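# Residue-level structural notes
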Amino acid sequence: MNVDARIEFDATQYHVKDGGQGVVLDIKDLNLWYGTAQALYGVTMPIEKGLVTALIGPSGCGKSTLLRCINRMNDLIDGLKITGEMRLHGEDIYARGADVIALRKRMGMVFQKPNPFPMSIFENVIYPLRVDGVRDKALLEETVERALTGAALWNEVKDRLDQSALGLSGGQQQRLCIARAIAGDPEVLLMDEPCSALDPIATAKIEDLINDLVGQYTIVIVTHNMQQAARVSDNTAFMYLGRLIEYGDTEVMFQTPKTARTQDYVTGRFG
């Protein structure tokens, strides 16, 4: 990757939105290599609890790579090397001896394409609890209703919980995946372009859902759609060629960006 030496990011340019509940995830000087190819360069940013943070930038800029660092999904890739720090509530998640399985239980993950399991709607939602050995029927039923209500899906499926999740529409499947992600009551909800495979109507429902979840969860969303970032996020991080160029209050960034490169991207001059 040929990195433009002129790209700079001054941490003093942070202008994050007020209203958060403190920093839940603190990223400092994070670098990542796939073999000899460096994909992230010195990323430093605090993520505010209870708010939605959007990661934007052109394809290949490192936004999905950064997202997958948060729950250490990148660990599954051969030749991976990471330096720097990423602290969840002050705990370094990359420290030697860190419990990766326990970490992932504190994270909910929603992917680009809906990926319901080939089982009933009910069993899809409670899958994280099944893995943990929960067998209490009343607790499982309560969790299903809570998670599906939180995902704005309960009223649509409450009478067919024993039916296959594969029979749902694409938009319903994605909301089901969100329900499954929040069933375990995660601290952070990660979304990797959750609307990219959906039609405009289903996309609007997912965006409404994200707005409803603000304050209940800390959400980090990767999106290629700048209008979507403007609609759903409190803070936005603009990335380019593996570097964080600008980070702060979404409204401020889209109206008065601090760097010329951000200005060019948000106005559609490149990307």
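Our structure is the block above this text.
On to the packing of helix α6 (residues 170-183) against helix α7 (residues 200-213), then. Relative placement of two packed helices is described by the angle separating their axes and the distance separating the axes. For the pair α6 and α7, the least separation of the axes is 9 Å and the interaxial angle reads 20°. When the axes of α6 and α7 are compared, the pair comes out roughly parallel. Every pair of crossing elements has a handedness; the one defined by α6 and α7 is right-handed. For the pair α6 and α7, contact is made by Gly171, Gln174, Arg175 and Ile178 and by Ala202, Lys205, Ile206, Leu209 and Leu213, respectively. Classifying every residue of the contact of α6 with α7 by side-chain character gives 5 nonpolar, 2 polar and 2 charged.

Let us look at unusual backbone geometry. The backbone phi angle of Glu193 is positive, close to 50°, even though this residue is not glycine. Along the chain, Glu193 turns up in the loop between β7 (188-192) and α7. Judged by relative accessible area, Glu193 falls into the buried class, the value being 13%. Backbone geometry at Leu241 places phi at a positive 50°, although glycine is not the residue there.

Let's shift gears to the sheet that holds strand β1 (residues 23-34). Taken in spatial order, the 4 strands make up an open sheet running β2-β1-β4-β5, and their pairing is antiparallel. On the outer flanks of this sheet lie β2 (37-48) and β5 (91-92), each paired with one strand and no other. Pairing analysis gives 8 bridges linking β1 to β2, with the strands arranged antiparallel. Each bridged residue has a counterpart across the sheet, and for Ile27 the counterpart in β2 is Met45. The sheet contacts of helix α1 (residues 63-70) involve β1, β2 and β4 (80-88), and relative to β1 the element is tilted by about 120°.

Spatial ordering of the open sheet is given by β6-β7-β8-β3-β9-β10, a layout of 6 strands whose pairing is mixed. Looking along the sheet, the strands with just one partner apiece sit at the ends: β6 (107-110) and β10 (243-249). Between one strand axis and the next, the sheet turns by 15° as a mean value, whatever way the strands run. Two elements, β6 and β7, share 4 bridges in a ladder whose sense is parallel. Looking across to β7, one finds that Val110 is bridged to Met191. Strand contacts of α1: β3 (52-56), β6, β7, β8 (218-222) and β9 (235-240), with the helix running at about 150° to β7, the strand carrying the most contacts. Contacts between α7 and the sheet are confined to β3, β7 and β8, with β8 contributing the most and set at about 150° to the helix.

The next subject is the pairing of β10. Within β10, 6 of the 7 residues are buried, which leaves the element mostly enclosed by the surrounding structure. By the bridge criterion, 6 bridges tie β9 to β10 in an arrangement that is antiparallel. Bridged to Tyr240 within β10 is Arg243. Between β9 and β10, which pair antiparallel and follow one another directly, the connecting turn spans 2 residues, one of which, Leu241, has a positive phi of 50°.

Rules used throughout
- Residues numbered from 1 in each chain as written.
- Predicted model: local features only at pLDDT ≥ 70, side-chain atom pairs only at ≥ 80, totals over all residues.
- Heavy atoms only, no water.
- Axes fitted to C-alpha atoms, helices over the stretch in contact; angles between N-to-C directions.
- Helix = DSSP H or I, 4+ residues; strand = E, 2+ residues; numbered from the N terminus.
- Parallel < 35°, antiparallel > 145°, perpendicular 65-115°, else oblique.
- Left-handed = near helix turned anticlockwise from the far one by under 90°.
- Contact = heavy atoms within 4.5 Å.
- Nonpolar A, V, L, I, M, F, W, Y, C, P; charged D, E, K, R; others polar.
- Buried < 20%, exposed > 50% of the residue type's maximum accessible area, 1.4 Å probe, protein only.
- Pairing = 2+ DSSP bridges.

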